[in-house]
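If you want the building blocks of each chain, they are given just below.
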Amino acid sequence: MKTFIIMICVACSCVCAYGQTIAHPWSVQDGGGGKSAGSGFTLMSSVGQPASGTITGTGFVLEGGFIPGLRQLSGSTSSLDVAVASAWNLLSVPFVTDDMRKTTLYSAAVSNAFAYTPSGYVVKDTLQNGAGYWLKFPSPQVVSMTGTSFAPETVDVSAGWNLIGTISYPALTANIVALSGAGITSPYFGYTVSGYYSEDTLKSGFGYWVKSSGSGKLAISTAPLIAPRAATSAAVLKNVRSVQGKQSSSFGGELDGFQQLHVHDVRGQERTLFFSGVAENIDVSRFELPPVPPGDMLDVRFRSQRVAELAGAQGKSEFPLQISGAVYPLTITWDGANDGGTYTLLVGSGKEKKEFPIS
């Protein structure tokens with residue numbers, strides 16, 4: 001009979017414009033770069049001359065337009081209601097707006113907007129399309145956004161974990177293409193009050209984690225186009241993207257039969273870890289979680305940054321835990337079938353160490 005120790009370290013509707021001639025009576029708005037807006041359209045990242053004015057010819061009148069050039073031009077004005085939880089939320093800006101300041105877009109948030117870089121979290125006052133952000137709200141509520149829709153989009157990613165944003169329409173993760181050295185090596189993770197979970201559809205207005213094998217771009221698109229959601233009713237707030245249960249939802253049936261360790265804090269937040277001393281032929285690298293959230297949300301993981309460990313695969317008999325954002329005291333419960341192993345929960349160290357047999 002084997003003995004394994006579990007150790008806790010408490011520590012679009014497109015707008016097309018046609019140029020007629022180089023000689024024209026138009027006036028250039030911004031010298032060919034940046035952003036130009038008009039009724040029903042927004043032009044971003046132009047290489048060419050956004051222009052306004054009126055030109056008349058035989059059989060046509062053109063009011064407002066662009067000298068041809070490389071450009072990204074999308075959509076008409078759209079609105080979206082995003083239901084947020086009374087806690088930290090992963091969000092993104094799915095429209096082009098005239099004011100991208102955090103204080104304008106998320107005026108009810110009680111935290112800074114935190115983006116993620118290879119060096120860690122950074123505070124952002126002005127937000128960008130294509131990036132994801134952590135924001136905390138004091139109560140469940142609806143954030144209403146209006147702007148010009150865009151799709152498709154390419155998002156820059158670095159080697160390692162990336163916090164990305166979404167386009168103006170839902171996009172299947174299966175349709176996302178890695179370009180220019182990027183390589184997708186993890187599921188796409190969303191976040192709720194129940195913790196991280198894997199997602200097969202990126203939903204407008206939310207942020208997601210993904211890990212890349214190198215620096216490059218992710219091409220996010222949707223086809224056919226699906227209109228943004230209509231106004232959110234009060235009933236929707238009762239189900240704020242809730243994924244009840246445990247972090248196992250990220251890995252399907254791969255963790256069936258694993259022992260489960262449930263950690264609860266005094267606020268009622270719960271996270272679950274999985275481990276086995278007898279399972280075989282499972283790639284434990286798939287169980288890695290995204291970086292720990294900022295702030296005071298409960299996060300429980302193995303020190304390896306995984307949600308599950310397999311003793312047989314690594315020749316290990318001891319698995320330290322990492323707990324953050326907890327409000328003590330903690331309650332730890334055990335759930336698992338008898339698999340022939342003997343497991344012990346070890347709390348503390350030295351003279352303060354206590355052992356609790358759990359099977």
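The numbers attached to residues start from 1 for each chain and follow its sequence in the written order. Where local features are concerned, this predicted model is filtered to residues with pLDDT of at least 70; where side-chain atom pairs are given and counted, the filter is 80 or more; whole-chain, interface and lining totals use all residues. To get the side-chain values, all heavy atoms of the structure are used, and hydrogens and water are removed first.

Right, let's get into the overall build of the protein chain. Tallying secondary structure elements over the protein chain gives 3 helices and 29 strands in all. Using a 1.4 Å probe, accessible areas were evaluated by the Shrake-Rupley method; residue-level cover was limited to the displayed protein chains. Per element, the accessible surface of the protein chain, about 16,700 Å² overall, is 53% carbon and sulfur. Under the DSSP-based scheme used, a helix requires at least four consecutive residues in state H or I and a strand at least two consecutive residues in state E, with every element numbered from the N terminus.

Here we come to the environment of Tyr188. By the element assignment, Tyr188 lies in strand S17 (residues 188-192). Along the primary structure Tyr188 and Asp200 are separated by 12 residues, whereas in three dimensions their C-alpha atoms are 7.2 Å apart. It only takes one pair of heavy atoms within 4.5 Å for two residues to be counted as in contact. The contact partners of Tyr188, leaving out residues within four places of it in the chain, are Ile164, Thr173, Ile176, Tyr197, Ser198, Glu199, Leu202, Trp209, Val210 and Leu218.

Attention shifts here to the side chain of Gln141. Mapping Gln141 onto the fold places it in strand S12 (residues 141-149). We define a polar contact as two N or O atoms separated by no more than 3.5 Å, with the added condition that, inside protein, one atom must be a possible hydrogen donor and the other a possible acceptor, whereas residues neighbouring each other in sequence contribute only through side-chain atom pairs. A polar contact of 3.1 Å, which involves the side chain of Gln141, links it to the backbone oxygen of Ser139.

Looking now at the pattern of salt bridges. Any carboxyl oxygen of Asp or Glu that lies within 4 Å of a side-chain nitrogen of Lys or Arg is treated as forming a salt bridge with it. Counted by the stated rule, this structure contains 8 salt bridges. Where Lys136 meets Asp296, a salt bridge forms, and the shortest distance between an N and an O atom there is 3.1 Å. Within this pair, whereas Lys136 is found in strand S11 (residues 133-136), its partner Asp296 is found in the loop between strand S23 (270-276) and strand S24 (299-302), the two being separated by 160 residues in sequence. The buried label applies to any residue whose accessible area, calculated with a 1.4 Å probe on protein chains only, is under 20% of its type's maximum; exposed applies above 50%, and partly exposed to all values in between. You can call Asp296 partly exposed: its relative accessible area is 33%. Between Asp299 and Arg301 there is a salt bridge, and its shortest N-O distance comes to 2.8 Å. Given the relative accessible area of 0%, Arg301 is considered buried.

By convention, a stacked pair of Phe, Tyr or Trp rings (six-membered ring in the case of Trp) has centres within 6.5 Å and planes under 30 degrees apart, an edge-to-face pair has planes over 60 apart, and any other such pair is tilted. For the structure shown, the criterion picks out 15 aromatic pairs. For the pair Trp88 and Phe114, a centre-to-centre distance of 5.9 Å together with 55° between the ring planes defines the contact as tilted. Separated by 26 residues along the polypeptide, Trp88 in strand S7 (residues 88-91) and Phe114 in strand S9 (residues 113-117) bring together distant segments of the chain. A relative accessible area of 7% places Trp88 in the buried class. A relative accessible area of 18% means that Phe114 is categorised as buried. Three or more aromatic residues joined by ring pairs form one cluster here, namely Tyr116, Tyr121, Trp134, Trp161, Phe189, Tyr191, Tyr196 and Trp209.

Before going further, it helps to examine the sheet that holds strand S27 (residues 331-335). If you trace the 4 strands from one edge of the open sheet to the other, you get S25-S23-S22-S27, paired in mixed fashion. Of all strands in the sheet, those with a lone pairing partner are strand S25 (308-310) and S27, marking the two edges. Going across the sheet, the axis of each strand differs from the next one's by a mean of 20°, ignoring polarity. DSSP-based pairing: two strands are paired if at least 2 bridges between them are found. Of the pairings in the sheet, the one linking strand S22 (residues 259-264) to S27 comprises 5 bridges and is antiparallel in character. For helices, the axis comes from a line fit to the C-alpha atoms of the stretch in contact; other axes are also lines fit to C-alpha atoms, and the angle between any two N-to-C directions lies between 0 and 180 degrees.

The pairing of strands in a sheet happens through backbone hydrogen bonds and is either parallel or antiparallel. Spatially, S13-S21-S16 is the arrangement adopted by the 3 strands of the open sheet, whose pairing is antiparallel. The sheet terminates laterally at strand S13 (153-157) and strand S16 (177-179), the two strands that pair on one side only. Across the sheet, the mean angle from the axis of one strand to that of its neighbour is 30°, orientation sign disregarded. With 5 bridges joining them, S13 and strand S21 (residues 216-220) adopt antiparallel strand pairing. Of the residues in S21, the one forming a bridge with Glu153 is Ile220.

Counting buried residues in strand S18 (residues 195-199) gives 4 out of 5 residues, a clear majority hidden from the surface. The hairpin formed by S17 and S18 contains 2 residues between the paired strands.

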